[in-house]
Amino acid sequence: MSNKASEVVSLEYSSVKVPYEVLNKKFRQAQKIIDREIAQLNTQIVHITRLPTPELQRQAMPALREKLQNFRNRYADCLTKEGGYAQKCFQRLDHLSEYINNSDVKCEATWRKKRLDKILVDYFLRNSYYETALEVVKSSGIEDIVDTDLFISGREIENSLKAHNTGPCLQWCHENRSRLKKTKSTLEFNLHTQNFIEHIREGDYMGAIEYSRKHLVDNEVINPPERLQETMVLLAFRADTTCDKYKALFSESRWDELVLEFRASNYELHHLHADSLLSTVLQSGLSAIKTHQCYSSEKSGDCPVCNEPLNSLATSLPFSHCTQSRLICRISGQPMNEHNAPMMLPNGNVYGERALTDMMNSDGIVTCPRTNEKFWLEQAQKVFVM
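Residues numbered from 1 in each chain as written. Predicted model: local features only at pLDDT ≥ 70, side-chain atom pairs only at ≥ 80, totals over all residues. Heavy atoms only, no water.

Colleague: Just checking my understanding: could you explain unusual backbone geometry for this structure?
Modeller: Leave glycine aside and you will find that most residues have negative phi; peptide bonds, for their part, are mostly trans. Pro309 follows Glu308 through a cis peptide bond whose omega is 5°. Here Pro309 lies in the loop between helix H14 (277-289) and helix H15 (310-313). A positive phi angle is found at His164, which is not glycine, with a value near 65°. When you line up the elements, His164 lands in the loop between helix H6 (148-162) and helix H7 (167-175). With relative accessibility at 39%, the residue His164 sits in the partly exposed group. (Helix = DSSP H or I, 4+ residues; strand = E, 2+ residues; numbered from the N terminus. Buried < 20%, exposed > 50% of the residue type's maximum accessible area, 1.4 Å probe, protein only.)

Colleague: In this structure, what is going on with the layout of surface pockets? I would like to understand it.
Modeller: The method is simple in principle: a probe with the dimensions of a water molecule rolls over the atoms, and the space it marks as empty is what remains. Computed from the structure, the largest pocket encloses a volume of approximately 1,100 Å³. For the largest pocket, the lining is made up of 28 residues, of which Thr291, Gln293, Ser300, Arg326 and Ile328 are closest to its centre. Among the elements of the structure, H14 and strand E2 (350-352) are those that each provide at least two residues to the lining of the largest pocket. A class-by-class count of the residues in the lining of the largest pocket yields 13 nonpolar, nine polar and six charged. By volume, the second largest pocket is sized at about 410 Å³. Lining the second largest pocket we find 21 residues, and of these Lys25, Asp149, Leu150, Ser153 and His270 sit closest to its centre. (1 Å grid on protein atoms, 1.4 Å probe; cavity = no way out; pocket = protein on both sides within 12 Å on 5 of 7 lines; lining within 4 Å. Points joined across faces, edges and corners; volume = space filled by probe spheres on them. Nonpolar A, V, L, I, M, F, W, Y, C, P; charged D, E, K, R; others polar.)

Colleague: Can you walk me through the packing of helix H5 (residues 130-140) against H6 in this structure?
Modeller: Angle between the axes and distance between the axes: these two values describe a pair of packed helices. Look at H5 against H6: their axes get within 12 Å of each other, and the N-to-C directions meet at 165°. As judged from the angle between their axes, H5 and H6 are roughly antiparallel. Handedness of the crossing formed by H5 with H6: left-handed. Of H6, the residues touching H5 (which contributes Tyr130, Glu131, Leu134 and Val137) are Thr148, Phe151, Ile152 and Arg155. Class assignment of the residues belonging to the contact of H5 with H6 gives a composition of five nonpolar, one polar and two charged. (Axes fitted to C-alpha atoms, helices over the stretch in contact; angles between N-to-C directions. Parallel < 35°, antiparallel > 145°, perpendicular 65-115°, else oblique. Left-handed = near helix turned anticlockwise from the far one by under 90°. Contact = heavy atoms within 4.5 Å.)

Colleague: Help me out: how do you make sense of the nonpolar core in this one?
Modeller: For soluble globular proteins, the rule of thumb is that nonpolar side chains tend to be buried together. Leu161, Trp172, Leu191 and Leu234 are the most contacted members of the largest nonpolar core, which totals 26 residues. For this core, the elements supplying multiple residues, two or more each, are H6, H7, helix H9 (187-201), helix H10 (205-215) and helix H13 (253-269). The element contributing the most residues to this core is H9, with six residues. If we ignore the near neighbours within four places in the chain, the residues touching Trp172 are Ile157, Leu180, Leu187, Phe262, Ser265, Asn266 and Leu269. Membership of the second largest hydrophobic core comes to 15 residues, among which are Val18, Leu125, Val136 and Leu272. (Core = buried A, V, L, I, M, F, W, Y, C linked by side-chain atoms within 4.5 Å.)

Colleague: Any chance you could explain the packing of aromatic side chains here in plain terms?
Modeller: The description of an aromatic ring pair uses the distance of the two centres, along with the angle that the planes make with each other. For the structure shown, the criterion picks out seven aromatic pairs. Over the ring of Tyr267 we find Arg126, and its NZ or CZ is 4.6 Å from the ring centre. For Lys290, the ring lying beneath its charged end belongs to Phe319, and the centroid distance is 4.5 Å. (Phe/Tyr/Trp six-rings, centres within 6.5 Å; stacked < 30°, edge-to-face > 60°. Lys NZ or Arg CZ within 6 Å of the ring centre and 35° of its normal.)

Colleague: Can you help me understand empty space enclosed by the protein in this one?
Modeller: Within the structure shown, the criterion is met by three cavities of 30 Å³ or more. Size it by volume and the largest cavity reaches roughly 200 Å³. Along the wall of the largest cavity there are 18 residues; nearest its centre are Ser14, Lys118, Asp122, Asp147 and Leu272. Elements with a minimum of two residues in the lining of the largest cavity: helix H2 (13-49) and helix H4 (105-126).

Colleague: Where do I start with the packing of H6 against H13 in this structure?
Modeller: Contact pair H6 / H13: the axes reach a minimum separation of 9 Å and the direction vectors enclose 160°. Classified by the angle their axes make, H6 and H13 are roughly antiparallel. Like other packed secondary-structure pairs, H6 and H13 cross with a definite hand, here right-handed. Counting all contacts with H6, which are made through Leu150, Phe151, Gly154, Ile157, Glu158, Leu161 and Lys162, the residues of H13 involved are Trp255, Leu258, Val259, Phe262, Arg263, Asn266 and Tyr267. Its residues placed into classes, the contact of H6 with H13 shows nine nonpolar, two polar and three charged.

By themselves these figures say nothing about function.
Written as structure tokens, this is what we have:
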């Protein structure tokens, strides 16, 4: 696999996977609609054939014709939606192929600029800067390679949860129940638990019991039974309880936790990384150039990791694994090698031969930029690295 192909696989996997997953979801929804409509049509046709007289059969035909027309319209609508997402898959594959198979430097630079804009849009959408993201999408012309619809629809559900309304999120769970079950998600159970808690908060204990019987006791996604037991014990407490264990369950911060859980489940279902692509790329780049010198007293002004804010951001990242080291002149920034030999001054500081020659004054004296000490150039000794 070429370097370009490896880069695309590691960074652009979700770019194709997201529309494919949505296409798969639309296909399964369409299949259910078609099966249900056909079953109803068959039932109606059998009913018509069993009518006792041709006149009654003739009177029932307009209703059957109308139902067939409605079925045709729904089927066409399903095909249109599926075709749109299938087209997105092809457009993104073409976009990735353009980079892998093109060796033109100018075209590659244009492609990389689009990817940078896409990475920024992904970051903006994940952090709720929707208007900014849409402006970048519009100005860059990258509508076909970003997933704004996924994040905007997710925003509506998150806003409803922040408004203490679980309805839209429960509907989303119902639409994706089979896939959530495969991932062993507890989101639906936690939503029903929150509704149960709200009944208790309002003092509606009978309503809470009825709700628990309908949605909690027979819930298929309950993790350990202790979760249900812990929830049901809330019937013995008021919302203003001082018991720390159950006080946390009545906390308003549970709504924020549900928002985060929904977001994580939504990302997992569509094979999106938990972290933004910007964060992943930035961390990879920082760890590739991070050395122990970046956190010593001898930091380089030209090294990104040696300077803030990247120095703080890279604190928890691993150091780069270098099998071959290069010596860089602190003054000129040029490599020190056989053409620019490393020279050590009497005070122990090492610089490139070219930089010392350029610094030398008419008397043959050089001034160490770090200590301001003055030495004859002849006092500098060549350094050999084994």
